[in-house]
Amino acid sequence: MSVITLDTETTSLRYEDGTVVCLGVKIDNNKTEVYFEDIPKEIIAALETPNNLKVGHNVGFDVKFLRKRGINIPGPYFDTKLAHFQLYPFESHALKDILTKMGHTVKTYKDIVGTGKKQITMGQVDRDIIAEYCSQDVEGTYNLYTRLKDKVNEWTKNIEFELINCIVDMETKGLWLNKSEISKIEQDYLREIGETKLKVPTLNLSSPKQIREFLISSGYSKDLSKYVTNGGQISTNKSTLNHIIKRVPICKDILRYRELSTLVKTFLSKMSGKEILVGNFNQVGARTGRLSSSKPNLQNIPSRTADGRKIRSCIIPRLNHKFIVGDLNQIEPRLLAFFSKDEKLLEIFNTGGDFHSAVSREIFNKTEVDKNERFIGKTVGLATLYGASSGELLDVLVSFGVDVKYARVQEIRDSVLKSFPRARDWVKNEVFKAEKLKYISTIGGRRLPIVDSNKIVNYKIQGSASDIMKLILFNLYCMSFTILSSIHDEVIVEIKQEEIDKVHVVRHIMEKSFQLKNVPIKADCKILNSWGEK
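Residues numbered from 1 in each chain as written. Predicted model: local features only at pLDDT ≥ 70, side-chain atom pairs only at ≥ 80, totals over all residues. Heavy atoms only, no water.

### Quick word on the overall build of the protein
When you go through the protein residue by residue, the secondary structure sums to 22 helices and 16 strands. For 534 residues, the compact-globule estimate of 2.2 N^0.38 gives 24 Å, and the protein sits close to it at 25 Å. C-alpha extents for the protein along the principal axes are approximately 70 × 60 × 55 Å. A buried classification covers 49% of the 534 residues belonging to the protein. Accessible area of the protein: about 25,400 Å², with a carbon and sulfur share of 49%. (Helix = DSSP H or I, 4+ residues; strand = E, 2+ residues; numbered from the N terminus. Rg over C-alpha atoms; globule rule 2.2 N^0.38 Å. Buried < 20%, exposed > 50% of the residue type's maximum accessible area, 1.4 Å probe, protein only. Areas by Shrake-Rupley, 256 points an atom, 1.4 Å probe, with all protein chains shown as cover.)

Here you go:
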């Protein structure tokens, strides 16, 4: 087996419009060679040989772009970026930063292509300069590989590295869009944005400073006086405006303008005119280890608002195909039950109960709650057990538009903590232990250093949920399912119409990939015609 270290330089970081300018290759400890148009057949053969180990820093990027050149690179892989994340999760994982810290003097991407108006593409740079830059990255990656290869744990080797092809497939297949409907929604939102602006023609609704001055000059300074930023300025964020919205009606228009502007700028403008949405999925994008997405960030398309669901409804399967959308049911409180062995939590999950609904019934003092109220219960219940104060919970509830007094929030908090005493005590003990050790361990054996004591339980629970979700993705991929996206505890699988009975297989994989002692893992799986139907 040979160790092949590789790096590509491309005209763009975007897969849709980028092309490979050159490929740098180092076989074992031999000299790095850089190839432009003509890549020798023996180099391609070495890259396509399954037994050879392919080493790269964010190697999935190189694998993805080389597919455009007709070069298909199978594993095994060693990704120095993923390895560095496992060993040093809260440091910068940029290759140049790592090499600089190791004592190397390196040129950066900006050194090569420039910045601002003078910036050019990699394809416009002199080839000798490109070759030198590419060689630097290959040699640096190989040097880093030799330092990390014996330190990475089994999880990184057997799951993270093995997921690279799955992520590459997700990024290259993309998500099909209802092009005409996207255009219609964008125009509708732009029209409403314009109408909202006309309600206060002298005010720039995008300017927090102008909004602050407008509210003060309109006589609302008393309402705003309690809501001050760390810098001493009166806050105009969503939570503040929701607090005063009943007394200050213009806040409703400000919030609506912001909501629509965000949807247009962040999502619709990036989808408009496209038939396929190709994004990025990052295995090291979140400190907990959860997959994150970017360009656009699909996680931020609202799932509970009508506007968000409209946009999600434009994400559709290919012709004669369906989506199977699988979602891990209450995975965070299930993990909390597993770790804490809280009798009440164990009872809820072993009798088919619903933790989130139980909390929301307490909040709203009613026997039946709707989907939105259940979501509020989920947020408040977990935040309470994770250690949130009554003041923090009040802000959460107000941000959801719940009209509630501080005293009532205290009652809710006390009730939740009293109902789940072992979970409450486990959280306290976990915080104490983690502060002493300076790290937490996830269920998959990953260690996350502690830099913020307030996030200890979040890291423990969400990091463990991430481990379970990645194991599920790995097993689905090994079963040859077409995975298009994974967001938090959800996965979107595309199947042919005649294969919809495979929903049972997807559910089985999601529920059985990881076993929690005394706590069943459950998955909600639905066959859908669009993401918005969920």
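### Section: the environment of proline 76
Considering the arrangement of structural elements, one finds proline 76 in the loop between helix H2 (59-68) and strand S5 (77-79). When the C-alpha positions of proline 76 and isoleucine 301 are compared, they lie 34 Å apart, and in sequence the two are 225 residues distant.

### With respect to the side chain of arginine 446
Along the chain, arginine 446 turns up in the loop between strand S12 (439-441) and strand S13 (447-449). For arginine 446, a relative accessible area of 6% translates into the label buried. In this structure the side chain of arginine 446 is engaged in a polar contact, spanning 3.0 Å, whose partner is the backbone oxygen of glycine 463. Side-chain polar atoms of arginine 446 contact the side chain of aspartate 467, separated by 2.7 Å. Once residues lying within four places of it in the same chain are set aside, the contact partners of arginine 446 are Phe85, Asn153, Trp155, Thr288, Gly289, Ile440, Ser441, Gly463, Ser466 and Asp467. (Polar contact = N/O pair within 3.5 Å; in protein donor to acceptor, adjacent residues only side chain to side chain. Contact = heavy atoms within 4.5 Å.)

### So, the environment of isoleucine 331
Checked against the element boundaries, isoleucine 331 lands in helix H14 (residues 331-340). The class of isoleucine 331 is buried, set by a relative accessible area of 2%. C-alpha separation for the pair isoleucine 331 and glycine 444, spaced 113 residues apart in sequence, amounts to 15 Å. Residues contacting isoleucine 331, with those up to four places away along its chain left out, are Ala465, Ile468, Asp489 and Ile521.

### With respect to the sheet that holds strand S7 (residues 276-277)
Across a sheet, strands are paired by hydrogen bonds formed along the backbone, either parallel or antiparallel in direction. One open sheet accounts for three strands, arranged S7-S6-S10; its pairing is antiparallel. At either end of the open sheet lies a strand with only one pairing partner, and these are S7 and strand S10 (315-316). (Pairing = 2+ DSSP bridges.)

### Focus on the pattern of salt bridges
A full pass over the atoms with the stated rule returns 35 salt bridges. The shortest N-O distance in the salt bridge between glutamate 171 and lysine 64 comes to 3.0 Å. Placement of the pair is glutamate 171 in helix H8 (residues 164-173) and lysine 64 in helix H2, with a sequence separation of 107 residues. Residue classification places glutamate 171 among the buried residues on the basis of a relative accessible area of 6%. With a closest N to O distance of 3.5 Å, glutamate 499 and lysine 502 form a salt bridge. Under the relative-accessibility criterion, glutamate 499 is labelled partly exposed at 25%. (Salt bridge = Lys/Arg side-chain N within 4 Å of Asp/Glu carboxyl O.)

### Concerning the packing of helix H3 (residues 80-87) against helix H6 (residues 127-148)
Where H3 contacts H6, the axes come no closer than 10 Å and their chain directions differ by 40 degrees. Here H3 is positioned oblique relative to H6, judged by the angle of their axes. The chirality of how H3 crosses H6 is left-handed. The segment H3 lies against H6, with Thr80, Ala83, His84 and Leu87 engaging Thr141, Leu144, Tyr145 and Leu148. (Axes fitted to C-alpha atoms, helices over the stretch in contact; angles between N-to-C directions. Parallel < 35°, antiparallel > 145°, perpendicular 65-115°, else oblique. Left-handed = near helix turned anticlockwise from the far one by under 90°.)

### Let's talk about the nonpolar core
Within the largest apolar cluster, 106 residues are counted, with the highest numbers of intra-cluster contacts made by Leu336, Leu476, Met510 and Trp531. With eleven residues, the single largest contributor to this core is helix H12 (residues 250-271). Not counting residues within four places of it along the chain, the set of residues in contact with leucine 336 comprises Lys341, Leu345, Leu385, Tyr386, Ala423, Trp426, Val427 and Ile461. Core analysis: the second largest hydrophobic core is formed by 40 residues, Tyr35, Leu53, Val59 and Phe161 among them. (Core = buried A, V, L, I, M, F, W, Y, C linked by side-chain atoms within 4.5 Å.)

### Brief notes about helix H1 (residues 41-48)
Along H1, the positions that sit buried rather than exposed are Ile43, Ala46 and Leu47. Taken around the axis of H1, the buried residues stretch over an arc of 100 degrees, which confines them to a single face. Projecting away from the buried face of H1 at angles above 90 degrees are the exposed residues Lys41 and Glu42. Against strand S1 (3-10), strand S2 (20-27), strand S3 (33-35) and strand S4 (53-56) lie the buried residues of H1. (Arc of directions from axis to C-beta.)

### Things to note about the packing of aromatic side chains
Applying the stated criterion across every chain yields a total of ten aromatic pairs. For the ring pair phenylalanine 339 and tryptophan 426, a centre distance of 5.6 Å and an interplane angle of 5 degrees mean the geometry is stacked. Taken as a pair, phenylalanine 339 in helix H14 and tryptophan 426 in helix H20 (residues 421-437) lie far apart in primary sequence, 87 residues in all. Both residues of the pair, phenylalanine 339 and tryptophan 426, count as buried. Every member of this aromatic cluster is reached through a ring pair, and the members are Phe78, Tyr142, Tyr145 and Phe161. The ring centre of tyrosine 15 lies 4.6 Å from the NZ or CZ of lysine 68, which sits over that ring. Sitting over the ring of phenylalanine 339, lysine 460 keeps its end group 4.8 Å from the ring centre. (Phe/Tyr/Trp six-rings, centres within 6.5 Å; stacked < 30°, edge-to-face > 60°. Lys NZ or Arg CZ within 6 Å of the ring centre and 35° of its normal.)

### Quick word on the sheet that holds strand S16 (residues 523-528)
In space, the four strands of this open sheet follow the order S14-S15-S11-S16, with antiparallel pairing throughout. Of all the strands in the sheet, the pair left with one neighbour each is strand S14 (482-487) and S16. If you compare each strand with its neighbour and ignore which way they point, the axes differ by 20 degrees on average. Sheet topology note: the S14/strand S15 (residues 490-496) ladder contains five bridges and is antiparallel. Paired with isoleucine 487 across the bridge in S15 is glutamate 490.

### Regarding the packing of helix H18 (residues 390-399) against helix H19 (residues 406-419)
When two helices pack together, you describe them by how their axes are tilted relative to each other and by the distance separating the axes. Orientation of H18 relative to H19, taken along the N-to-C sense of each, is 110 degrees, at an axis distance of 9 Å. On the basis of their axis angle, the class for H18 and H19 is roughly perpendicular. Across from Ser390, Gly391, Leu393, Leu394 and Leu397 in H18, the residues of H19 making contact are Tyr406, Val409, Gln410 and Arg413.

### With respect to the pairing of S2
Two faces, one strand: in a regular strand the side chains alternate between the faces of the sheet. Within S2, seven of the eight residues are buried, leaving the element largely enclosed by the surrounding structure. Here seven bridges tie S1 to S2, and the two strands are oriented antiparallel to one another. Paired with glutamate 9 across the bridge in S2 is cysteine 22. Judged from the three bridges that link them, S2 and S3 form a sheet pairing that is antiparallel. Looking across to S3, one finds that valine 25 is bridged to glutamate 33. Between the end of S2 and the start of S3, which pair antiparallel, lie five residues, with aspartate 28 showing a positive phi angle near 55 degrees.

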